[in-house]
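Given next are the chains, with one letter for each unit.
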Amino acid sequence: MKPNFEEQIKAFVSVLAIFLLLILVLFGGLFYFNNRKPKINLEEIPVEANEEDYDKVENGVHVATGFIDDKGMQATIQNCTGCHSAKLVTQNRMSREGWKATIVWMQETQNLWDLGANEELILNYLSKNYAPTNKGRRQNLEVAEWYELN
Amino acid sequence: MAGILGAEVVFGHKMPQNYFPVGLQDPDPFKLFNKDRGMVVLNDKPWNMEAKAHLLNDDITPNKYMFIRNNGKIPENIDVSTWTLTIDGESVNNPKTYTLDELKRKFTQYTYRLTLECGGNGRSEFNPPAKGNQWTLGAVSCAEWTGVRLRDVLEDVGISPDAVYIGYHAADTHLSGDPRKEPISRGVPIAKAMQDETLLAFSMNGEDIPLAHGFPLRLVCGGWPASTSGKWLTGISVRNKVHDGEKMGGSSYRVPCETVAPGTKVDDENMCIIESMPVKSLITFPKSGALIKNGQTLQINGHAWAGELEVSKMEYSIDFGSTWHNCALKKPSNRLAWQHFKASISFPKKGYYEVWARATDSQGKSQPMVLPGWNPKGYLNNACHRIAVKMV
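Every value quoted in this text rests on a predicted model; they were computed, and no experiment measured them.

Draft legend 1. Main features of the overall build of chain A. Along its length, chain A carries 6 helices and 3 strands. Secondary structure elements of chain A, listed N to C terminal, follow the sequence α-α-β-β-α-α-α-α-β. Within chain A, counting contacts between residues at least 6 apart in sequence, those at least 24 apart form 54% of the total.

Draft legend 2. Examining the sheet that holds strand S24 (residues 385–391) of chain B more closely. Taking strand neighbours across the sheet as the criterion, the 6 strands line up as S3(A)-S17(B)-S24(B)-S23(B)-S19(B)-S20(B) in an open arrangement whose pairing is mixed. Here the strands that pair on one side only, and so sit at the sheet edges, are strand S3 (147–148) of chain A together with strand S20 (325–326) of chain B. In this structure, S3 of chain A lies alongside strand S17 (residues 290–292) of chain B, joined through 2 bridges in parallel fashion. Of the residues in S17 of chain B, the one forming a bridge with Glu148 of chain A is Leu291 of chain B.

Draft legend 3. Summary view of the nonpolar core. Within the largest apolar cluster, 96 residues are counted, with the highest numbers of intra-cluster contacts made by Leu200 and Val355 of chain B. Other than its neighbours up to four places away in sequence, Leu200 of chain B contacts Leu85, Leu103, Gly147, Val148, Leu150, Val153, Leu217, Leu219 and Leu233 of chain B. Among the nonpolar cores identified, the runner-up in size contains 11 residues, and Phe67, Val89, Ile122 and Tyr130 of chain A belong to it.

Draft legend 4. Examining the pairing of strand S22 (residues 339–345) of chain B more closely. Residues and elements named next belong to chain B. Strand direction decides the pairing type here: strand S18 (residues 298–305) and S22, joined by 7 bridges, are antiparallel. Bridge assignment links Ile300 to a residue of S22, and that residue is Ala343. The pairing of strand S21 (residues 328–329) with S22 spans 2 bridges and is classified as antiparallel. In the strand pairing of S22, Leu329 is matched with Phe341.

Draft legend 5. Region of interest: the sheet that holds strand S9 (residues 187–189) of chain B. Residues and elements named next belong to chain B. What the 5 strands build is an open sheet, ordered S5-S4-S13-S8-S9; its pairing is mixed. Strand pairing shows two members of the sheet lacking a second neighbour, strand S5 (96–99) and S9, which therefore form its edges. The average undirected angle you get between the axes of adjacent strands in this sheet is 15°. Taken together, the 4 bridges between strand S4 (residues 84–88) and S5 define a ladder with antiparallel strand orientation. Each bridged residue has a counterpart across the sheet, and for Thr86 the counterpart in S5 is Thr97.

Draft legend 6. Spatial organisation of the environment of Val40 of chain B. Take Val40 of chain B: it is sitting in strand S1 (residues 40–44). For Val40 of chain B, the contacting residues outside a window of four places in its chain are Met49, Glu50 and Lys52 of chain B.

Draft legend 7. Region of the structure containing the interface of chain A and chain B. Tallying the contact residues gives 32 residues for chain A and 34 residues for chain B. Elements with a minimum of two residues in the side of chain A that touches chain B: helix H4 (86–90) and S3 of chain A. The residue makeup of the side of chain A that touches chain B, split by class, is 14 nonpolar, 9 polar and 9 charged.

Draft legend 8. Representation of the confidence of the model for chain A. Residue and element names in this part refer to chain A. Averaged over every residue, the pLDDT of chain A is 83; residues scoring 70 or more account for 78%. Within chain A, the element-level pLDDT minimum falls on helix H1 (residues 2–35), averaging 67, and the maximum on S3, averaging 98. Note on residues 36–40: pLDDT under 50 across the span, and 3 contacts to partners over four residues away in sequence or across chains. Below a pLDDT of 50 lies the segment residues 44–49, which in the model reaches 6 contacts outside its immediate sequence neighbourhood of four places, other chains included.

Draft legend 9. Looking closely at the packing of helix H5 (residues 96–109) of chain A against helix H6 (residues 118–129) of chain A. All names here are of chain A. Packing of H5 against H6 brings their axes to within 9 Å, and their N-to-C directions diverge by 130°. In terms of orientation, H5 and H6 fall into the oblique class. H5 and H6 meet at a crossing whose hand is right-handed. Facing H5, whose interface residues are Arg96, Trp99, Lys100 and Ile103, H6 presents Glu119, Leu123, Leu126 and Ser127.

Draft legend 10. Layout of the environment of Glu90 of chain B. All names here are of chain B. Tracing the backbone shows Glu90 in the loop between S4 and S5. Separated by 27 residues in the primary sequence, Glu90 and Glu117 have C-alpha atoms spaced 30 Å apart. Non-local contacts of Glu90, meaning those with residues more than four positions away in its chain, are made with Arg239 and Asn240.

Draft legend 11. Main features of H6 of chain A. With 12 residues, H6 of chain A should cover 16 Å at 1.5 Å per step; its first-to-last C-alpha distance of 16 Å lies within 8% of that length. Where H6 of chain A is buried, its residues contact helix H3 (73–80) and H5 of chain A.

Rules of the game
- Residues numbered from 1 in each chain as written.
- Chains lettered and ligands numbered in written order.
- Predicted model: local features only at pLDDT ≥ 70, side-chain atom pairs only at ≥ 80, totals over all residues.
- Helix = DSSP H or I, 4+ residues; strand = E, 2+ residues; numbered from the N terminus.
- Contact = placed C-beta atoms within 7 Å.
- Pairing = 2+ DSSP bridges.
- Core = buried A, V, L, I, M, F, W, Y, C linked by C-beta atoms within 7 Å.
- Buried ≥ 20, exposed ≤ 12 C-beta atoms within 10 Å, placed from the backbone.
- Axes fitted to C-alpha atoms, helices over the stretch in contact; angles between N-to-C directions.
- Nonpolar A, V, L, I, M, F, W, Y, C, P; charged D, E, K, R; others polar.
- pLDDT = per-residue confidence, 0-100.
- Parallel < 35°, antiparallel > 145°, perpendicular 65-115°, else oblique.
- Left-handed = near helix turned anticlockwise from the far one by under 90°.
- Expected span 1.5 Å × (residues − 1).

Okay, structure coming up:
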């Protein structure tokens, strides 16, 4: 009888502990959600309403990020837009060595993680779609719109 | 508050006093930062935005046309009543902390128009391309800043004769979210820190500094790369060596000490910190692309600046630099303010023209017509500004 009684006590204590824990979590949670200040992050880009919108590609460009739709784009989005905007990538033009050096710099100084097998995929994607073109020492002026000046 | 955010604060009366709601969350950055819709967003994480030449026509740049350059995340929940500035560092024996109120009450206030240009303004033109935000022409402003002199505050604290440099610390946070990292902590040599015009500013154009430009306190070092003008300022360290904060080393805001051929890889030890910005100018009227009638004269105007120096001559050319003609040039309203120029141009016959603008500083240096010396991060592009005009 005695071992059985001990087990019953143990079981009772366990149930009681779980019960108390649940109460704590419940009230703690209620307290937290009631008291926290509404926190909205200035840096967050509004997330597209649904998955379908997010995957939308128009004229070969991924609408939500502005990336050129090509092999390696998803890996690039996943690894490169956590900390900074896609715009920081798409406005730059670099050789494969240049992109590689940028990744290494971010790993050494900006807390970028090891990209593993994705590194090859990302480097292929960037060096193909965001390669430099020769601009010379000064380019022609581009006029967005001619207008009459009175 | 509404002025800072550029929007009415609905239910503002329910907000705790001095609580600063960074989050009034308009996903529209033009509304969020009270910017003109003609401004160009280069980056949204972190926020970077530039003007176009024709938007900068005002003598004093209003907030709506002022470029935004951020390295990290804008601080949230700013409370001006508890905001402090701490002066410390190797060359300070007794570190001292001031509240905003103390700074305003204890020291004489000064107002100056100060030209702030991003070191990377014009980066987009470099070849081979340089890494970073691809600024074109619009990362420059000249607003009216009001604050106290950094020199007065440093003298109140007392600094040792071995002081070499000051470095700033601020409340913005690193993009990775790592609280141990500062997004940027730059500074200037002690001589620049002690200039009359180097301010700890708390107002811009007569109002609280807009949030994106450093509310509630900003170090302002006119004529130097704008990255030396630390926003959301919480501390100044007076150093007995060149400040070694974030973005003081490597290729950040540094150029090869000796000029290099385009595309050259340059080792860190051969890079030197940018100090004064070079001579430069912008035609702010008319906007590029003007069609004018045969025989009509064209009035142009704009601004010119030269870092620590003054602009002594301003010229324009309508024949691709073959001949140059003087513009009327005003003196700066104070040292380090940009100067205004204007000219009246007659064109000989119908055709396509480019109006080129060239400023010369008080030491005789002029703007180049093509890209100046290439450098790994594409700083200091002061090639002459050009606008396209057709006489029809």
